[in-house]
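Each chain, letter by letter, is given below.
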Amino acid sequence: MLNPRTSGPARSPAVAPSARTAPSRAPSRAPSSPEGFTVSARQDPRLARTGEHWLSLPNPRGVPVEICAGAGVPLEPAAVTEALALLETAGTLERLAEATPGYTGPEPRITRAALTPDFHKGAGIPIGTVLETEHALLPQAVGSDVNCGMRLEVTALRAGRVRARLDALERRLRHLFFEGGRRIALTPVQREALLRDGLPGLLLAGAAPWRGFRPEDADDALDRAHACAHPAATAAAFADWIGSAGGASHDSVIGGIGGGNHFAELQYVAEVHDPAAAHAWGLTPGTVVTMVHSGSLSLGHQANATALDALRAGWPAGLPRPRDGVLPFLLDERSEPARRRYLDAFANAANFAAGNRYFLSLAMRAGLAAECGDPDARPLYDAPHNLFWRDGDRFVHRKGATPAGGHAEMAGGPYAMWGEPVIVPGSMGASSFVLRGHGNPRTLASACHGAGRRVPRGASARGGDAELDAFLREFRVVTPLDHRDPVTARRRDVMAAWRRDLKQEAPWAYKDIGPVVSSLAGGGVATPVAELRPLLTVKG
């Protein structure tokens, strides 16, 4: 085990923690929904409940599908419909193998699927889907935001000290994130090192000491991340970004939060549920932590487009494209050159995403250092959401789901005793949780990556102004626009657009975090270690 406040292993406690320690009380709930946005948790008739925390999804293809969700977790019918459509890809694989000239390989198939408690409708593939295939790769089962994920850092600061400086911190962080303050200078050598060898490659490539940088960051990049690097043979797909202006230069991409549900947040440890693990991980009550949620931005979109363009161009003549639009790669010689181009671009984007979260965390460190003193921040863990994992010809795709390995999966590393750190953020203004995984095979050793939406973005944008005003009076959100500025406040058109965007990520748009975390704990997927409550959220 590893104590984030030290550079080496912590001493083992006298008593090992229980594998299924439950929270001492029900986890905190998100603020209630405004009128007209209530979503029932009544079970969809197409689902079959198999236990207090488990359901299955019978389907015509006979693919085993398990869902970890207690009765208090709403599962929208549109997401169930989307999941059933995705399972029709099993038929697509059969037809594609038959129509591909010269294909003599093993039968490509979907072997099983798991859906996490934050399961909700996506753009063709539900968020919270874990899909296992054999002899086939599905780029869309990862999507465009390649290696979107969470980075959690533990500081030496206390909540009282930070809370007293929130006004100054808000101004400082707005400058750092949105007003030209981040200015991250990278050379072409550093950019290529990041894209080809990940964050460890960047930090070993003679990187400059950016604000907030610590010498320990290079070692931490290796052992405090689920997937520290994705080696790529080339980064040619992103030659324009690598070359930039020639020497060390700044750009508007690296260190960007992105839109949607991405954020950077200041939090503090509000309650401990697993004292032994929390102590080992430095999560003592009142400790300030930073949580970053972001991904690969435009690079991920380009990587996904590389796959889809190749799949459309190589689709067998005479074979109708699938109705659900999901196009798979077979693992045959014919598709190997196109797959290789995609895999290199995919690895580049995944590496960029991990580096991007690092620089977002550096901005948080810099803001805290300027206003509250040296945060002495060290990462607890960096966990991906949108990736695939290959074992021979078997692939596990995760889309909006995070790894939740147990002792076996973490053997030989600093978290072998505890299981993998699992970071589950709540909605904006609600509690987040740190858990430890158990490697449960029913979820393919996966957990949810958040509370999950319960109201689509378009509908949530029509939420009431009174609810938004009440939320903003109680919680501090840092955005590019300072809504308290009297000059800005007089621009009704600007304020209306700002409020509409904020409503899309408002608390009422998301499920309550309590039943979600309780489902993970009760289902034996992950044990809560600590509850984190927000002090301030930065939104792009």
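Residues numbered from 1 in each chain as written. Predicted model: local features only at pLDDT ≥ 70, side-chain atom pairs only at ≥ 80, totals over all residues. Heavy atoms only, no water.

### Quick word on unusual backbone geometry
In this model, H135 sits at a positive phi of 65°, which is unusual for a non-glycine residue. Among the secondary structure elements, H135 is positioned in the loop between β5 (127-134) and β6 (136-137). Here D376, not a glycine, exhibits a phi torsion of approximately 50°, which is positive. In this structure, D376 sits in the loop between α10 (336-372) and β11 (378-384). For D376, a relative accessible area of 26% corresponds to the partly exposed category. (Helix = DSSP H or I, 4+ residues; strand = E, 2+ residues; numbered from the N terminus. Buried < 20%, exposed > 50% of the residue type's maximum accessible area, 1.4 Å probe, protein only.)

### So, the side chain of H385
Examined against the element boundaries, H385 turns out to sit in the loop between β11 and β12 (387-391). The class of H385 is buried, set by a relative accessible area of 0%. Once you skip the residues sitting within four places of it in the chain, H385 turns out to touch C148, G149, M150, H293, R398, K399, G400, A401, T402 and H449. (Contact = heavy atoms within 4.5 Å.)

### Remarks on helix α4 (residues 166-178)
Under the 1.5 Å per step criterion, the end-to-end length of α4 is 17 Å for 13 residues, consistent within 8% with the ideal 18 Å. Those residues of α4 that fall on the buried side of the exposure criterion are L166, A168, L169, E170, L173, R174, L176 and F177. Next to the buried residues of α4 lie α3 (159-163), β8 (263-272), α10, β18 (477-478) and β19 (526-538). Note on α4: the residue one or two positions beyond its end, G180, has a positive phi of about 85°. (Expected span 1.5 Å × (residues − 1).)

### A closer look at the UniProt feature "binding site: Mn(2+) 1" (unreviewed entry) in the chain
The sites that carry the UniProt feature "binding site: Mn(2+) 1" (unreviewed entry) are, in the present numbering, D145 and H262. The greatest C-alpha distance among the residues just named is 11.0 Å, despite their covering 118 residues of sequence, which places them together in space. Looking at where D145 falls in the secondary structure, it is placed in the loop between β6 and β7 (149-158). With sequence-adjacent residues up to four places away left out, D145 is seen in contact with H262, G295, S296, L297 and N386. (UniProt positions renumbered as here; feature names shortened; annotations may be inferred.)

### Side note on the packing of aromatic side chains
One pass over the full model with this rule turns up eleven aromatic pairs. Ring geometry for W281 versus Y415: centroids 5.7 Å apart, planes at 85°, classification edge-to-face. Placement of the pair is W281 in the loop between α8 (275-280) and β9 (287-294) and Y415 in the loop between β14 (401-403) and β15 (421-424), with a sequence separation of 134 residues. As far as the burial class goes, W281 and Y415 line up, both buried. Of note, R398 hangs over the ring of W389, and the distance from its end group to the ring centre comes to 4.4 Å. (Phe/Tyr/Trp six-rings, centres within 6.5 Å; stacked < 30°, edge-to-face > 60°. Lys NZ or Arg CZ within 6 Å of the ring centre and 35° of its normal.)

### Comments concerning the pattern of salt bridges
Evaluation of the coordinates by the stated rule reveals 28 salt bridges. Where E153 meets R151, a salt bridge forms, and the shortest distance between an N and an O atom there is 2.9 Å. Residue classification places E153 among the buried positions, given a relative accessible area of 0%. Among the residues examined, R151 registers a relative accessible area of 6% and is labelled buried. Put simply, R476 and D167 hold a salt bridge, and the shortest N to O gap is 2.8 Å. Here the residue R476 occupies a position in the loop between α12 (465-474) and β18, and D167 occupies one in helix α4, the gap between them amounting to 309 residues. (Salt bridge = Lys/Arg side-chain N within 4 Å of Asp/Glu carboxyl O.)

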